[in-house]
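Fold and contact review
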Amino acid sequence: MKLFKDSFAWIGFLLVTLFLGTGCEDKWDEHYTGSANESVAYASIWTYLEADAELSTFTSLVKEAGYDTLLGASQTYTVWAPLNTALADLELEGPLAVRNFVENHITRGSFPYSLFVADRLVPLMNGKRVFLHGDGEQLLYNDVSFESNNIRAGNGLVHRLDGYVPYTANLWEFLTTGNEFDSLQTYINSLTEMVFDPEQSVQVGFNEEGNAVYDSVFVMSNSFLNTRGFLNSEDSIYSVLLLSDEAWTEAYAQIRPRYNFPSARGGLQRSEELSRQAMVDHLVLRTDGRDVSGLDSVVSTADEIFYNPGYLFAGAELVDLSNGRGFRTSHYPFVDTLTWLQPIELEAEEPSGRSFTNFFYSVRSGRSVEEEVSGSFLVLESSLPGNSPKSSVTFTLPDILAGKYRLYVEFLPTTINDPNKQLPSKASFMITHLNTDAGGSRRVRVSGPLETNPASKTKLFVTELDLPYANIQSDEHSAPAMTIQITNETKLEEETAGAYTRSMRIDRIVLEPVVESFVE
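Counting from 1, residues in each chain are numbered in the order their sequence is written. A pLDDT threshold of at least 70 governs which residues receive local features in this predicted model, and a stricter bar of 80 or more applies before side-chain atom pairs are shown or counted, although totals over entire chains, interfaces and linings include all residues. To obtain the side-chain values, all non-hydrogen atoms of the structure were included, while hydrogens and water were left out.

**Considerations on the overall build of the protein**
What counts as a helix is a DSSP run of H or I of at least four residues, what counts as a strand is a run of E of at least two, and both are numbered from the N terminus. Helix and strand counts for the protein stand at 13 helices and 28 strands. A simple rule labels every residue: compare its accessible area, found with a 1.4 Å probe on the protein chains alone, to the largest value its type can have, and call it buried under 20%, exposed over 50%, or partly exposed in between. Evaluated residue by residue, the protein yields a buried proportion of 49% over its 520 residues. Two residues form a contact once any of their heavy atoms are found within 4.5 Å. Long-range pairs, those at least 24 residues apart, make up 69% of the contacts in the protein between residues at least 6 apart in sequence. Exposure was quantified through the Shrake-Rupley algorithm and a 1.4 Å probe, taking into account, for residues, occlusion by the shown protein chains and nothing else. For the protein, the computed accessible surface area is about 24,700 Å², with 49% contributed by carbon and sulfur atoms.

As structure tokens, this is what we get:
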């Protein structure tokens, strides 16, 4: 079946189809052309099909699919009926294949043959769409020519075709029923479950506790389909990377060790669940039917932008499907640091997961300062007149995977407030992260103290960490899994002497993954 290339044109065709298919049948009738505009005295399309010996093969398939009753009723349909000669080599396996084929040749409503209606989008009974298009001399159903057309019956029209349009699976059908990527398919299908549908369920009363009782309706739901794109919709066009078992194994070997959780934080089950989710997060791409070879960027349905994305499709085999393109690949194409292993950047001004000890704080915008600031920044001023206890600020670091990271804290200089005042600050650091299978933590102290640059922004290297476990919070595991405490180490007398400042200006905390061969 033809794949529609342009998303804007798709919308236009859809609107035209809706308009033309509802209120303009009489006008279309005025423009009938073709070689067989006869009126046939048959009460229904079904009685005509039964009487036409040259359509006997298709007619038997219609009956097998259960459409004989429908085509004998009063509703209006158009049937695009292949001649017996066109179906001589047709092989269909099973009732579903028969039904899909028949529905590929029946349309609800009246669609007469006319060169005036070339390039029309035709919706079929199975939700697919084909195109009526012409070359100025004849009209084609998809790419199939008409042997005769506009044969009238009491409830619609029949067009006899010299060929047929094979059923083309959509992305979801291909992904969930194919047999070429068992691992990916098994995982996607495992996400399907029956869920309660409150809109379709009807309340029938109350139980003894006063809770509502429903005549419950449950529907099939798949979390991948719900979050990564409606791949089962013929109205949407996507490109999907289809991982072979070889590519799946490659992805698992890369990603699974990074999602290593202790038993106290979900253990093996959570490790498997989140690593597989990361493996498929960016497989669905919003390309709107465009040729991927000419794109300078593409966005996944997980909202990640990939620039110069040709490498994603390198060596992949193209599969044209009814609502997009599949790309069979035997290699996992994603770069780790562009997807699931990106640097973690925590903005210091964000209040979530942050606490203070003996610090006054404020948040300032970075718009009016000369230094490069990522938005706003946090200003800390010691709230005590003496040296003890020390002032500190603690941040919870979110969504850190297992493996090695280089930890930095970005400090801004005192010159932001006063260009003539160049004073460094001093700080020590303590990092807490998961370290035992029982959920115990390890403390890493960097006592230094480390000094900031008094004249310009400092990306201060704190330490390199080798994390045995992923430190990711969730609703079920909400306790902070990893924190960094920054403590002021400037003494009051050092500030009084004009050598240091006890104030701090923190822009961000950054963890950069150390990319290397990682083995759990």
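Structure shown, so let's carry the discussion forward.
**So, the nonpolar core**
Among the nonpolar cores identified, the biggest contains 76 residues, and Leu 231, Phe 429, Ile 431, Ile 484 and Ile 486 are the most heavily contacted of them. With five residues, strand β12 (residues 238-243) is the largest single contributor of residues to this core. For Ile 431, the residues in contact, after removing those within four places along its chain, are Leu 407, Arg 442, Arg 443, Val 444, Val 446, Val 462, Thr 463, Leu 465, Met 482, Thr 483 and Ile 484. By convention a nonpolar core is built from buried Ala, Val, Leu, Ile, Met, Phe, Trp, Tyr and Cys residues, the set being connected through side-chain atoms within 4.5 Å. Within the second largest apolar cluster, 24 residues are counted, among which are Leu 87, Phe 101, Ile 106 and Val 158.

**Quick notes on the pattern of salt bridges**
Throughout this description, the term salt bridge denotes a Lys or Arg side-chain nitrogen within 4 Å of a carboxyl oxygen of Asp or Glu. All told, the structure shown has 23 salt bridges when counted by the stated rule. Here Arg 99 and Glu 103 are joined by a salt bridge, their closest N and O atoms 3.1 Å apart. Of the two residues, Arg 99 and Glu 103 both sit in helix α6 (residues 95-103), four residues apart, roughly one turn of that helix. Accessibility expressed as a relative area gives 37% for Arg 99, which makes it partly exposed. Taking the shortest distance from any N to any O, the salt bridge between Lys 426 and Glu 494 comes out at 2.8 Å. With Lys 426 in strand β24 (residues 426-434) and Glu 494 in helix α13 (residues 492-496), the pair connects residues that are 68 residues apart, well separated along the chain. Several salt bridges converge on common partners, so that one network encompasses Glu 345, Glu 410, Lys 457, Asp 507 and Arg 508.

**Some details on the confidence of the model for the protein**
Each residue carries a pLDDT value, the predictor's own confidence for that position, ranging from 0 to 100. Mean pLDDT over the protein works out to 87, with 90% of the residues at or above the 70 mark. Counting interchain partners and residues more than four positions distant, the pLDDT-below-50 stretch residues 2-37 has 70 contacts.

**Here we look at α6**
When we look at burial in α6, the residues that qualify are Val 98, Asn 100, Phe 101, Val 102 and Glu 103. The inward-facing, buried residues of α6 contact α4 (56-64), β1 (77-82) and β2 (106-108).

**Section: the sheet that holds strand β22 (residues 392-396)**
For sheets, the rule is that strands pair by backbone hydrogen bonds, running either parallel or antiparallel. In space, the five strands of this open sheet follow the order β19-β22-β27-β24-β25, with antiparallel pairing throughout. Both edges of this open sheet fall to β19 (354-357) and β25 (441-451), since each of them pairs with a single strand only. In this sheet, adjacent strand axes meet at a mean angle of 15° when their direction is disregarded. Two strands pair under a simple rule: DSSP has to find at least two bridges between them. Bridge count between β19 and β22: four bridges; the pairing is antiparallel. Here an axis means a line fitted to C-alpha atoms, over the contact stretch when the element is a helix, while the angle between two N-to-C directions is reported on a 0 to 180 degree scale.

**Focus on the packing of aromatic side chains**
Only rings of Phe, Tyr and Trp enter the pairing, Trp through its six-membered ring, and a pair is recorded when the two centres are within 6.5 Å. The plane angle decides the type: under 30 degrees is stacked, over 60 is edge-to-face, the rest tilted. By the definition in use, this model includes 13 aromatic pairs. When the centroid spacing of 5.9 Å and the interplanar angle of 40° are considered together, the rings of Tyr 187 and Trp 248 count as tilted. A residue pair is termed long-range when its members are at least 10 positions apart, and Tyr 187 in helix α8 (residues 182-190) and Trp 248 in helix α10 (residues 245-255) qualify at 61 residues. For the pair Tyr 187 and Trp 248, a shared accessibility class is recorded, and that class is buried. Residues Phe 356 and Tyr 361 carry aromatic rings whose centres are separated by 4.3 Å and whose planes lie at 10° to one another, so their mutual orientation is stacked. The exposure class assigned to Phe 356 is partly exposed, which follows from its relative accessible area of 24%. Cluster of aromatic residues (ring-pair linked, three or more members): Trp 80, Tyr 113, Tyr 141 and Phe 146. If you follow Lys 426 out to its NZ or CZ, it ends over the ring of Tyr 500, 4.6 Å from the centre. The criterion is that NZ of a Lys, or CZ of an Arg, lies within 6 Å of the ring centre and within 35 degrees of the ring normal, and then a charge sits over that ring.

**A closer look at the side chain of Asn 170**
Considering the arrangement of structural elements, one finds Asn 170 in the loop between β7 (156-161) and α7 (171-177). Beyond its immediate stretch of four places on either side in the chain, Asn 170 contacts Lys 128, Leu 231, Asn 232, Glu 234, Leu 321, Ser 322 and Asn 323.

**Things to note about the packing of α10 against helix α11 (residues 267-280)**
For the pair α10 and α11, interaxial distance at closest approach is 10 Å and the crossing angle is 125°. Judged by the inter-axis angle, α10 sits oblique to α11. For the crossing formed where α10 meets α11, the hand is right-handed. Contacts from Trp 248, Ala 251, Tyr 252 and Ile 255 in α10 reach Glu 272, Ser 275, Arg 276, Ala 278, Met 279 and Val 280 in α11. Angle categories: roughly parallel below 35 degrees, roughly antiparallel above 145, roughly perpendicular from 65 to 115, and oblique for all the rest. In this scheme the handedness of a crossing depends on how the near helix is turned from the far one: anticlockwise by less than a right angle means left-handed, clockwise means right-handed.

**Focus on the sheet that holds strand β14 (residues 297-300)**
Judged by pairing direction, the sheet is mixed, and its six strands sit side by side in the order β15-β14-β13-β12-β17-β16 without closing on themselves. In the strand order of this sheet, the two ends are held by β15 (305-307) and β16 (317-321), each with one partner. Direction aside, neighbouring strands of the sheet carry axes that sit 30° apart on average. One ladder, built from six bridges, connects β12 with strand β17 (residues 324-329); its direction is parallel. Along β17, the bridge assignment pairs Leu 241 with Phe 327.

**Describing unusual backbone geometry**
Of the consecutive residues Ser 388 and Pro 389, the connecting peptide bond is found in the cis state with omega at -5°. Residue position: Pro 389 is located in the loop between β21 (376-382) and β22. Positive phi values are uncommon outside glycine, yet Asn 150 reaches one of about 55°. With relative accessibility at 0%, the residue Asn 150 sits in the buried group. Positive phi outside glycine occurs at Asn 358, with the angle close to 60°. Tracing the backbone through its elements, the reader meets Asn 358 in the loop between β19 and β20 (359-365).

**Some remarks on α4**
For α4, the full list of buried residues reads Phe 58, Thr 59, Leu 61 and Val 62. The buried side chains of α4 occupy one side of the element, clustering within an arc of 160° when seen end-on. On its buried side, α4 packs onto α3 (45-51), α5 (68-71), β1 and α6. One or two residues past the end of α4 sits Gly 66, with phi positive at roughly 85°. Taking the helix axis as origin, the arc is that swept by the directions to the C-beta atoms.

**Description of a nonpolar patch on the surface**
Residues Met 194, Phe 196, Tyr 214, Phe 218 and Met 220 make up a contiguous nonpolar surface patch of about 530 Å² in total accessible area. Where the nonpolar patch is concerned, the elements lending two or more residues are β8 (192-196) and β11 (218-222). Checked against the element boundaries, Phe 196 lands in strand β8. The class of Phe 196 is partly exposed, set by a relative accessible area of 34%. Exposure above 30% relative accessible area and no salt bridge define the residues that can form patches, which grow by joining like charges within 9 Å and nonpolar side chains of Val, Leu, Ile, Met, Phe, Trp and Tyr within 5 Å.

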